[in-house]
Amino acid sequence: MPSLHPLRAGLWFSRAMSRCVLEPRPPGKRWLVAGLGNPGLPGTRHSVGMAVLGHLARRLGVAESWARDRRCAADLALASLGDVQLVLLRPRRLMNANGRCVARAAELFGLTAEEVYLVHDELDKPLGKLTLKLGGSARGHNGVRSCITCLNSNAMPRLRVGIGRPTHHDAVKAHVLGCFSSAEQELLPPLLERAIDLLLDHIRERSQGPLLGT
């Protein structure tokens, strides 16, 4: 199949998005997965959520499908997981305003907070440690705090990717906004694979029955 001209591809994606927004789906059959981070700063620890989303898009065969959606100031890609639709989102606003992108996309796709997954870095867990948490406080994470404020809920499930906390408090900001070291980068590919496995298994399990927030 010949590739589409970028303008025509953008128009096609926009129409496809409109159809998806207009077509309601039963609870548990559409999920929004948002990778929190700072646009324009790939490779930093704080944007590891975006790295997970990029890896997830490749796993699901939609790595070439990212398109900018001005309505929610984010890059979106649509993917299928069996009979479930995934809306992948990478915000185009800074971390502190990620919630505005996520909340607007949730509104467009008719999703509740319980149907929105957040993928983000976690200072208090070592690199390589993954946890999937259902709801709760932001625990000092500005991107999560923004999402809680804009969605007016703390019920979103979160995939937390450990990046480790430096020994000295004064070094936290530089650590979070810095790039992974060469040694850390060697650990990333298998970590991203495990993160995706954990995320997709959880979505599959929740999609099997009624949406109960578990």
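From a predicted model like this one, the values you see are computed outputs, not experimental measurements.

What counts, and at which threshold
- Residues numbered from 1 in each chain as written.
- Predicted model: local features only at pLDDT ≥ 70, side-chain atom pairs only at ≥ 80, totals over all residues.
- Heavy atoms only, no water.
- Helix = DSSP H or I, 4+ residues; strand = E, 2+ residues; numbered from the N terminus.
- Buried < 20%, exposed > 50% of the residue type's maximum accessible area, 1.4 Å probe, protein only.
- Phe/Tyr/Trp six-rings, centres within 6.5 Å; stacked < 30°, edge-to-face > 60°.
- Lys NZ or Arg CZ within 6 Å of the ring centre and 35° of its normal.
- Contact = heavy atoms within 4.5 Å.
- Axes fitted to C-alpha atoms, helices over the stretch in contact; angles between N-to-C directions.
- Parallel < 35°, antiparallel > 145°, perpendicular 65-115°, else oblique.
- Nonpolar A, V, L, I, M, F, W, Y, C, P; charged D, E, K, R; others polar.
- Expected span 1.5 Å × (residues − 1).

(A) Examining unusual backbone geometry more closely. The residue A73 is not glycine, and still its phi comes out positive at about 50°. With respect to the secondary-structure elements, A73 resides in the loop between strand 2 (67-69) and strand 3 (74-81). Accessibility expressed as a relative area gives 15% for A73, which makes it buried. A positive phi is found at N152, a non-glycine position, where the angle reads about 55°. Within the secondary structure layout, N152 lies in the loop between helix 4 (142-151) and strand 7 (157-162).

(B) Structural context of the packing of aromatic side chains. Applying the stated criterion across every chain, the model contains one aromatic pair. Considering the side-chain rings of W31 and Y117, the 5.8 Å spacing of their centres and the 70° angle between planes classify their relative orientation as edge-to-face. Residue W31 is found in strand 1 (residues 30-35), and its partner Y117 is found in strand 5 (residues 116-122); the two are separated by 86 residues along the sequence. On the basis of relative accessible area, Y117 is assigned to the buried category, the value being 0%. Here the basic side chain of R90 rests over the ring of W66, its NZ or CZ set 3.8 Å away from the ring centre.

(C) Focus on the environment of G162. Mapped onto the secondary structure, G162 falls in strand 7. For G162 and L123, which are 39 residues apart along the polypeptide, the C-alpha to C-alpha distance reads 6.1 Å. Non-local contacts of G162, meaning those with residues more than four positions away in its chain, are made with E122, K125, P126, L127, G128 and K129.

(D) Layout of the side chain of D75. Among the structural elements, D75 can be located in strand 3. Aside from chain neighbours lying at most four places away, what touches D75 is W66, A67, R68, L88, L89, R90 and R92.

(E) Molecular detail of the packing of helix 2 (residues 48-59) against helix 6 (residues 182-207). Across the interface, helix 2 lies against helix 6 with an axial gap of 9 Å and an inter-helix angle of 70°. Judged on the interaxial angle alone, helix 6 and helix 2 are roughly perpendicular. On helix 6, the residues touching A51, V52, H55, L56 and R59 of helix 2 are P189, L192, E193, A195, I196, D197, L199 and L200. Partitioning the contact of helix 2 with helix 6 into residue classes produces nine nonpolar, one polar and three charged.

(F) Quick look at helix 2. In a regular helix each residue adds 1.5 Å, so 12 residues correspond to 16 Å; helix 2 covers 17 Å between its end C-alpha atoms and thus fits that length. Here helix 2 lies mainly inside the structure; nine of its 12 residues are buried. What helix 2 keeps buried is the set V48, G49, M50, V52, L53, G54, H55, L56 and A57. Trailing helix 2 by a residue or two, G61 shows a phi angle of about 75°, which is positive.

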